[in-house]
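# Secondary and tertiary structure notes
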Amino acid sequence: MKKLYFGTSVRKAEAPLIASGASALLMRRAAWGLAHHVLAYLSETAHGAVYGSRVVGLIGKGKNGADTLWALSMLAERGVSVEAIAVLGNPEQNAQDAVSAFHRAGGRFVTALGQRTDVVIDGVLGTGASGPFSMSAVLAQRGIDRPRPETTVIACDIPSGINADTGQLDGDTLTATATVTFGATKTGLLLSAGHQHAGRVHTVDIGLQEHLSSQPTVWCPDPHDVTTCFPPPRATDYKYSRGVVGIIAGSEAYPGPSLLCSRAVASCGIGMVNLIADPETVPSLRPLVLGDRPETVVTAAPVPQVTSLVIGPGLDDTSTSRQRLDEGLDHAVEHDLPVVIDATGLDLVDQGWLDRLRLGGTSSRTAPTVLTPHLGEMSRLSQRFVGTEAVPATIGGDKDALAWATALAQATGCYVVLKSADTVVATPSGQRGLHPAQSADLATAGTGDTLAGLIAVSLATAWTRTNSPVTEHQVLHHVLAAIHLHGAAAVSARHAGPVSASDLAPAVRAVLASRG
Ligand SMILES: NC(=O)C1=CN([C@@H]2O[C@H](COP(=O)(O)OP(=O)(O)OC[C@H]3O[C@@H](n4cnc5c(N)ncnc54)[C@H](OP(=O)(O)O)[C@@H]3O)[C@@H](O)[C@H]2O)[C@@H](O)CC1
Ligand SMILES: Nc1ncnc2c1ncn2[C@@H]1O[C@H](COP(=O)(O)OP(=O)(O)O)[C@@H](O)[C@H]1O
């Protein structure tokens, strides 16, 4: 997993260095990093020509603008023709050293972008941005055209106006081809509007690591985590040692999720899939799932070897579904097993259950309970268990997703996986994870049922493979790995055309096959 930091944390980490007079040094390191990446993009985009190419910086009134001016000076030394446009404030007043260096290098201030601009550097606002910001309005006020769509835009540290903690943007900004960010990868670059506008993120080390170590971290999964958390079987394995996932999903009204969930679990190579569906009360599930995968073990109650449970996809609001949920949760509590609660299960679970399911709750539980709401379900859960107002469920909306998930995790004592284009995870003690959107192909019915199954597999693996008690951080790791596998499966399935939820299970196998 990679570590991400809030923008405010990076600013706190810089503070002691700035106090000791190292501000100019940090800025120079940042500018070198920015210039280096601009040169690389020029080599790719300006017909391989660095000499004679033209780079224009949009300059604000803070240090972000100063960084950009220093980087332009360095580019000038490599034969790049550099110009700057003051779009906010007067850099002469706030960044005199940088302006002098820029002039010395042959740079000049202009008032228009000009016909041929190879790269535009967005140096208007960095981590000091606050409140509303409209790049369109700021440019229009000065009679400056927006860069043409084909122009390479490189954001200095973060696209202007983006909140470096939350990724939120109150207004509009330029969509960058790439962002060159300093000190650490900021959460705001991989979340919400920040993720949509940052383009490719390059992180430049400016010597903050030691000072960042005391700052809170947000964990981000990578492909290696899938390899670790979804391992191939060991030579000595047998079916029960690989884990058994119990599934309480599907109803007479919505039978499909039982199949989607079973397929997802089976596609990971688990020891056994146990669909818990009494033929007396939900008669259609058994033939449906057995017709698809005869190896599924369908029982009225969980088999004793169950290692983790997923409860909720496709349940309806009937007494049968409620009873199935109650029996499944009872089993999870009694045997201290990890349980993933998804979809209707989230609406059926009540405070009494949460008191028993929370870590160290009335049942002295040690195994995790993972709640996997989408935005609408999250809004309802927050109203019921945190006491917050109803929130309109729009992707990229004005909610700080990490803070929202953290509040619910702390209130419920459960792990929360808040699913939208970006997915965030919060643990009961406040550890956090973030999986930036990987594939919008997941925006289709049934993909959440698949994810719930993958998380249950990953937790079953943690439970069967780890001898010592599984830590909260290990649970976070396994949950994030499952989310990454889900996204990678959507990317893989895309190669064959538009994706539906049924395509994900075969794609999960393909992704795992490619990881060895
Ligand atoms: N510290 C260091 O040593 C290092 C820092 N580094 C660099 O510094 C950058 C942060 O610099 P920064 O703190 O000067 O903030 P920055 O974003 O450039 O501008 C703030 C100015 O903008 C204004 N403003 C704010 N919001 C606004 C809005 N919505 N609309 C309009 N105006 C708005 C605000 O005005 P105010 O609201 O305060 O009146 C203030 O004047 C960071 O991203 C990185 O590039 C690196 O070099 C590494 C070393
Ligand atoms: N635009 C998007 N980009 C990336 N992932 C998305 C997007 N929209 C939805 N997803 C993902 O798709 C899944 C949808 O889950 P959910 O809404 O519970 O679906 P369902 O209940 O139909 O199974 C989640 O994992 C979510 O993160």
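Note that the structure is predicted; figures quoted are calculated from it, not measured.

Basis of the calculations
- Throughout this description, residue numbers start from 1 for each chain and increase along the sequence as written.
- Chain A is the first chain written and ligand 1 is the first ligand written, with later ones labelled in order.
- In keeping with the model being predicted, local features are shown solely for residues with a pLDDT of at least 70 and side-chain atom pairs are shown and tallied solely at 80 or more, while totals for entire chains, interfaces and linings include all residues.
- Calculated side-chain values reflect all of the structure's heavy atoms, with hydrogen atoms and water omitted.
- Put simply, buried Ala, Val, Leu, Ile, Met, Phe, Trp, Tyr and Cys residues joined by side-chain atoms within 4.5 Å make one nonpolar core.
- When a residue's accessible area, from a 1.4 Å probe over protein chains only, is under 20% of the maximum for its type it is buried; when over 50% it is exposed; and in between it is partly exposed.
- Secondary structure elements are taken from DSSP: a helix is a run of H or I of four residues or more, a strand is a run of E of two residues or more, and numbering for both begins at the N terminus.
- A contact between two residues is defined here by any heavy atoms of the two lying within 4.5 Å.
- For helices, the fitted axis covers only the stretch in contact; all axes are lines through C-alpha atoms, and the angles between them, taken along N-to-C directions, range from 0 to 180 degrees.
- An angle counts as roughly parallel when it lies under 35 degrees, as roughly antiparallel when it exceeds 145, as roughly perpendicular when it falls between 65 and 115, and as oblique in every other case.
- Crossings are classed by handedness, with left-handed meaning an anticlockwise turn of the near helix from the far one by less than a right angle and right-handed meaning a clockwise turn.
- Classification convention: Asp, Glu, Lys, Arg as charged; Ala, Val, Leu, Ile, Met, Phe, Trp, Tyr, Cys, Pro as nonpolar; all other residues, Gly among them, as polar.
- For the domain bounds, the source is a domain assignment made automatically or taken from a database.
- Summed over both partners, the accessible surface that disappears when two parts come together, traced with a 1.4 Å probe, is what is meant by buried area.
- Salt bridges are defined by distance alone: a side-chain nitrogen of Lys or Arg within 4 Å of a carboxyl oxygen of Asp or Glu.

Below, the discussion takes up the nonpolar core. Core analysis: the largest hydrophobic core is formed by 55 residues, its most contacted members being F230, V245, I247, I455 and V479. With 12 residues, helix α18 (residues 472-494) is the single largest residue contributor to this core. Setting aside its immediate chain neighbours within four residues, V479 contacts V370, V417, V425, I455 and L459.

The next subject is the packing of helix α10 (residues 256-267) against helix α19 (residues 504-514). Packing of α10 against α19 leaves a shortest axis separation of 8 Å and a crossing angle of 10°. Regarding the angle of α10 to α19, the classification is roughly parallel. In terms of crossing hand, the pair formed by α10 and α19 is right-handed. Mapping the contact onto sequence places R263, A264 and S267 in α10 and A505, V508, R509 and L512 in α19. Residue classes in the contact of α10 with α19 are distributed as four nonpolar, one polar and two charged.

A few words on the domain arrangement of the protein chain. Domain assignment breaks the protein chain into domain 1 (2-220) and domain 2 (223-514). Here the C-alpha centroids of domain 1 and domain 2 sit 40 Å apart. Overall, the association of domain 1 and domain 2 removes approximately 1200 Å² of surface from exposure, summing both partners, and the carbon and sulfur fraction of that is 61%. When the buried surface of domain 1 facing domain 2 is broken down by residue, Q168, L191 and W219 rank first, second and third, together holding 39% of it. On the surface where domain 1 and domain 2 come into contact, there are zero salt bridges. Mapped onto the side of domain 1 that touches domain 2, the elements with two or more residues apiece are α7 (192-198) and β11 (218-220).

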